[in-house]
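Chain by chain, the residues run as shown.
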Amino acid sequence: MKTIIEPFRIKSVEPIRMTTRAEREAKLKAADYNLFALKSEDVIIDLLTDSGTGAMSAEQWAAVMRGDESYAGSPSYYRFRDSVQELMPFEHIIPTHQGRAAEAILVSIFGGAGKHVPSNTHFDTTRGNIEASGAEAYDLVIEEGKDPASLYPFKGNMDLGKLKAFLEEKGDSVPMVMITITNNAGGGQPVSLENIRGVAALAHEYGKPFIIDGCRFSENAWFIKQREEGQQDRSIKDIVRDCFSVADGMTMSAKKDAFGNIGGWIAFNNDSLAEQARVRLIQTEGFPTYGGLAGRDLEALAQGLHEIIDEDYLRYRIRTNEYIIEKLDALGIPVVKPAGGHAVFVDAKSWLPHIDPLKYPAHTVACKLYEIGGIRSCEIGSVMFGRQTDGSEKPAAMELVRLAFPRRTYTQSHADYVVEAFEQLAAEKDQLKGFKIIREPKLMRHFTCSFAPLDG
Ligand SMILES: *Cc1c(COP(=O)(O)O)cnc(C)c1O
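Residues numbered from 1 in each chain as written. Predicted model: local features only at pLDDT ≥ 70, side-chain atom pairs only at ≥ 80, totals over all residues. Heavy atoms only, no water.

If you check an unreviewed UniProt entry, the protein chain appears there as Tryptophanase from Cohaesibacter marisflavi. Annotation of the protein chain in UniProt includes, under Subunit (unreviewed entry), the sentence "Homotetramer." Entered under Cofactor (unreviewed entry) in the UniProt record, the comment concerning the protein chain runs "pyridoxal 5'-phosphate". (UniProt positions renumbered as here; feature names shortened; annotations may be inferred.)

(A) How the structure looks around the overall build of the protein chain. A count of helical and extended segments in the protein chain gives 16 helices and 14 strands. For 456 residues, the compact-globule estimate of 2.2 N^0.38 gives 23 Å, and the C-alpha radius of gyration of the protein chain, at 21 Å, lies within 12% of that figure. Taken over 456 residues, the protein chain has a buried fraction of 58%. Counting only contacts in the protein chain whose residues sit at least 6 apart along the sequence, the fraction spanning at least 24 positions is 71%. By element, 50% of the accessible surface of the protein chain is carried by carbon and sulfur atoms, the whole surface being about 18400 Å². (Helix = DSSP H or I, 4+ residues; strand = E, 2+ residues; numbered from the N terminus. Rg over C-alpha atoms; globule rule 2.2 N^0.38 Å. Buried < 20%, exposed > 50% of the residue type's maximum accessible area, 1.4 Å probe, protein only. Contact = heavy atoms within 4.5 Å. Areas by Shrake-Rupley, 256 points an atom, 1.4 Å probe, with all protein chains shown as cover.)

(B) Representation of the packing of helix α12 (residues 311-330) against helix α16 (residues 412-428) in the model. Close contact between α12 and α16 brings their axes to 10 Å; oriented N to C, the two are set at 25 degrees. Considering the angle they form, α12 stands roughly parallel to α16. The two elements α12 and α16 meet at a crossing, and its hand is right-handed. Contacts between α12 and α16 involve Y323, I324, K327 and L328 from the first element and Q412, A415, D416, V419 and F422 from the second. Counted by class, the contact of α12 with α16 contains 6 nonpolar, 1 polar and 2 charged residues. (Axes fitted to C-alpha atoms, helices over the stretch in contact; angles between N-to-C directions. Parallel < 35°, antiparallel > 145°, perpendicular 65-115°, else oblique. Left-handed = near helix turned anticlockwise from the far one by under 90°. Nonpolar A, V, L, I, M, F, W, Y, C, P; charged D, E, K, R; others polar.)

(C) Representation of the site of the ligand within the structure. Taken together, 15 residues are adjacent to the ligand, and G99, R100, D213, S253 and K256 come closest. One of the backbone nitrogen or oxygen atoms of G99 is found 2.8 Å away from an oxygen atom of the ligand. In isolation the ligand has 380 Å² of accessible area, and contact with the protein removes 98% of it. Take the shell around the ligand: its biggest share by element is 3 residues, from helix α4 (residues 99-110). Looking at the shell around the ligand residue by residue, the classes come out as 2 nonpolar, 7 polar and 6 charged. (Near = heavy atom within 4 Å. Polar contact = N/O pair within 3.5 Å; in protein donor to acceptor, adjacent residues only side chain to side chain.)

(D) Helix α3 (residues 75-87), seen in detail. Across its 13 residues, α3 extends 19 Å between first and last C-alpha, which sits within 8% of the 18 Å expected from 1.5 Å per residue. Among the residues making up α3, those that are buried are S76, Y77, F80, S83, V84 and L87. Within α3, the buried residues cover an arc of 130 degrees as seen down the axis, which keeps them to one side. Residues of α3 that are buried in the fold lie against α2 (58-66), β2 (92-96), α8 (217-227), α9 (236-245), β8 (264-268) and α11 (295-307). Near the N-terminus of α3, the side chain that reaches the backbone nitrogen of S76, with its oxygen 3.0 Å away, is that of S74. (Expected span 1.5 Å × (residues − 1). Arc of directions from axis to C-beta.)

Set out below in structure tokens:
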């Protein structure tokens, strides 16, 4: 059969409240044109993020009932730990309430003024945590990864030449080498197993710990299986294990590839690093056998990790993005190709060349998409990355609109509706003028800043 169907039936539904364009225009204005400030009830299709928004399975809900809420030594922790270790063979698995809590602990160990931390592309919370500690974050993704039109199969790869030069130049001020799989901020593009091994080898040659931000490890492994030579006949589990077996530690948002609504973890092999992490954990998150999570959450994650490596699921998951990209492409709308793992990315810089990057073309598209179809997306461009640590503002490398798909949540007709909204937007886009920011916080401004539309 040619059609790749959603490999699940629906057992429990959530109604979507329909709204009119006039209502949505008023709601967006009242939210100061920040999509994060909208009430989710006023959104028809919510593609703001794939974080914690997926549907749990019947087996996960059943596991929730098994959750043991003991403060210390809960069997739910051990089931969680075993599930993680089946995929990621680290000695110490330390739960946290979400990914950024794991990052904060990592940075409490490795961050601080004068430090320099390289990655392919740091995700915004990773960068935020590093910079808040006084350290600097560097993105060393390969050139193909910055070209939305490049069809290179592993556009999330780190540039090994640049990494080597970086390690030479920065020397002792580099506390660790990181990599994000898949490369969320760079279009959800995968990193090859070969590149992961190459980065690990370089980090180790220079005596640095190698830490993987593993949020979308399963999607990344699916791409490796599809695209990397010699990986076609291997199981997703074996590929995942290979990726993590060369690392010294990892951070994880279990709201992504663990089918959780909440959760995360930090893992290390080294005993002393794990001890430092646990001390910090007790101060900020909780005792090491629950780490800010309820026992029932740990159970849901333990089960989710079994389900996320299912190939039928992964085939459907990646196909959703490809399907939309093919249709947008046919409409002449520039999209990041090939399709990434968790999201479709529209290249607003080339679609709306009449809007200067510092008038936020991707934010402009995201706002209009909401007005037209009630679809909530997310700007990944100069709003998110434009403000520099020295207070100046400069354009980001790309101006992307991210349509992130919650896991197992929307169907093909929802996808068709999204494409139709873009068709309407294509007819209106030449009249759009962009935005200015009228109020912003010191760090990570995109979550809470206020905008005003420009009219000239
Ligand atoms: C979501 C995400 C994080 C942060 O995790 P939270 O659970 O949202 O705190 C870190 N890195 C990447 C790549 C992510 O996608």
